[in-house]
Amino acid sequence: MQKVVGKKPLRLDKVLAHMGFGTRQEVKKLIKGELVKVNGEPVRDPGLHVRPGRDRIEVSGKPLEYREHIYLMMYKPRGVLSATEDRSAKVVLDLISPQYRAFRPFPVGRLDKDTEGLLLLTNDGQLAHGLLSPRRHVAKTYYAVVRGTVTESDVEAFAHGVVLDDGYRTLPASLKILRSGPESEVELVVYEGKYHQVKRMFQALGKEVTYLKRIAMGPLVLDEALKPGGYRELTPEEIGRLRQ
Ligand code: URA
């Protein structure tokens with residue numbers, strides 16, 4: 001778990017709500033009930049300013065490990081939207097526990113509803129911005145099943161960039177044929193994130209993607225131990241590599 005040393009004083013109720021101890025009202029009750037100690041002293045003032053990471057905060061006798069950001073790797077299943085909320089459809093935020101939802105994470109980029117695989121969720125806007133910036137050209141690796149025979153000329157087309165239905169020529173991308181036939185299997189790497197990019201690249205070559213799974217994003221590789229719908233926190237090493 002990543003520990004963050006707080007720089008500026010924050011209201012105690014805000015800190016506890018951020019850490020998933022409930023709404024501001026629920027947290028106030030907790031504090032009034034003298035279940036919270038700061039530097040060994042019970043406190044009753046929800047508005048007390050504390051320096052998380054420097055002041056020792058305990059809740060019901062357990063020390064609080066404050067952190068500002070969380071980073072989750074999810075195996076997004078098919079049929080779930082890469083969104084924080086939706087009026088009718090299930091969204092990826094519905095899959096994570098309230099403990100993590102309290103941090104208000106959001107998906108870094110989108111996968112289509114019928115695409116599965118690696119999705120990063122975080123509340124670190126700066127990191128997300130860096131990963132999504134079109135100037136960064138972060139690599140995204142996919143495994144795909146394609147209706148149609150994928151050939152070496154498709155590999156060349158990907159390498160030159162493919163002209164999509166709206167006239168946009170994609171950046172050069174790499175395509176590896178794993179199995180070629182009436183139904184082909186491929187692995188590909190693209191360096192941008194246009195709407196339905198992979199499906200439209202194959203469509204431009206007269207083929208149809210019937211299954212799509214993201215297996216990596218930059219240095220982050222989908223953990224094989226995760227099942228669809230599963231997630232875990234990133235390790236400090238993974239966070240470090242993403243920041244580079
Ligand atoms: N390209 C697509 O077509 N769909 C995705 O979900 C991701 C990349």
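Residues numbered from 1 in each chain as written. Predicted model: local features only at pLDDT ≥ 70, side-chain atom pairs only at ≥ 80, totals over all residues. Heavy atoms only, no water.

1. Overview of the overall build of the protein
Each helix and strand in the protein was counted, giving 7 helices and 15 strands. Overall, the C-alpha framework of the protein stretches about 70 × 35 × 35 Å when taken along its three principal axes. Of all 244 residues assigned to the protein, the portion counted as buried reaches 45%. At a minimum sequence separation of 6, the contacts of the protein that also span at least 24 residues come to 65%. (Helix = DSSP H or I, 4+ residues; strand = E, 2+ residues; numbered from the N terminus. Buried < 20%, exposed > 50% of the residue type's maximum accessible area, 1.4 Å probe, protein only. Contact = heavy atoms within 4.5 Å.)

2. Quick look at the site of the ligand
Taken together, L111, D112, T115, Y142, H196, Q197, V198, K199 and L212 make up the full set of residues adjacent to the ligand. Between the ligand and the protein, one listed contact pairs an oxygen atom with a side-chain N or O atom of T115 at 2.9 Å. Within the complex, 95% of the 240 Å² of free accessible area of the ligand lies under protein. Taking a 2 Å distance to the grid points as the criterion, the majority of the atoms of the ligand fall inside the largest pocket. With 3 residues, the top contributor of residues to the shell around the ligand is helix 6 (residues 197–204). Residue composition of the shell around the ligand, by class: 4 nonpolar, 3 polar and 2 charged. (Near = heavy atom within 4 Å. Polar contact = N/O pair within 3.5 Å; in protein donor to acceptor, adjacent residues only side chain to side chain. Areas by Shrake-Rupley, 256 points an atom, 1.4 Å probe, with all protein chains shown as cover. 1 Å grid on protein atoms, 1.4 Å probe; cavity = no way out; pocket = protein on both sides within 12 Å on 5 of 7 lines; lining within 4 Å. Sits in = over half its atoms within 2 Å of the grid points. Nonpolar A, V, L, I, M, F, W, Y, C, P; charged D, E, K, R; others polar.)

3. Structural notes on empty space enclosed by the protein
Scanning the entire structure with this criterion turns up 1 cavity of 30 Å³ or more. The wall of the largest cavity is formed by R78, D114, T115, K199, V209, T210, Y211 and L212. At 4 residues, the largest contribution of residues to the lining of the largest cavity is made by strand 13 (residues 208–217). A class-by-class count of the residues in the lining of the largest cavity yields 3 nonpolar, 2 polar and 3 charged. Mapped onto the domain boundaries, the lining of the largest cavity takes at least three residues apiece from domain 2 (71–134 + 220–243) and domain 3 (140–217). (Points joined across faces, edges and corners; volume = space filled by probe spheres on them. Domains from an automatic or database assignment.)

4. Structural notes on the pattern of salt bridges
Applying the stated rule across the entire model yields 18 salt bridges. Residues R56 and E58 are paired through a salt bridge, measuring 3.7 Å at the closest nitrogen-oxygen approach. Of the residues examined, E58 reaches a relative accessible area of 18% and is grouped as buried. A cluster of three or more residues bridged by salt bridges with shared partners is formed by R11, D13, R24 and K28. (Salt bridge = Lys/Arg side-chain N within 4 Å of Asp/Glu carboxyl O.)

5. Brief notes about the domain arrangement of the protein
According to the domain assignment, the protein contains domain 1 (10–63), domain 2 (71–134 + 220–243) and domain 3 (140–217). Here the C-alpha centre of domain 2 lies 29 Å away from the C-alpha centre of domain 1.

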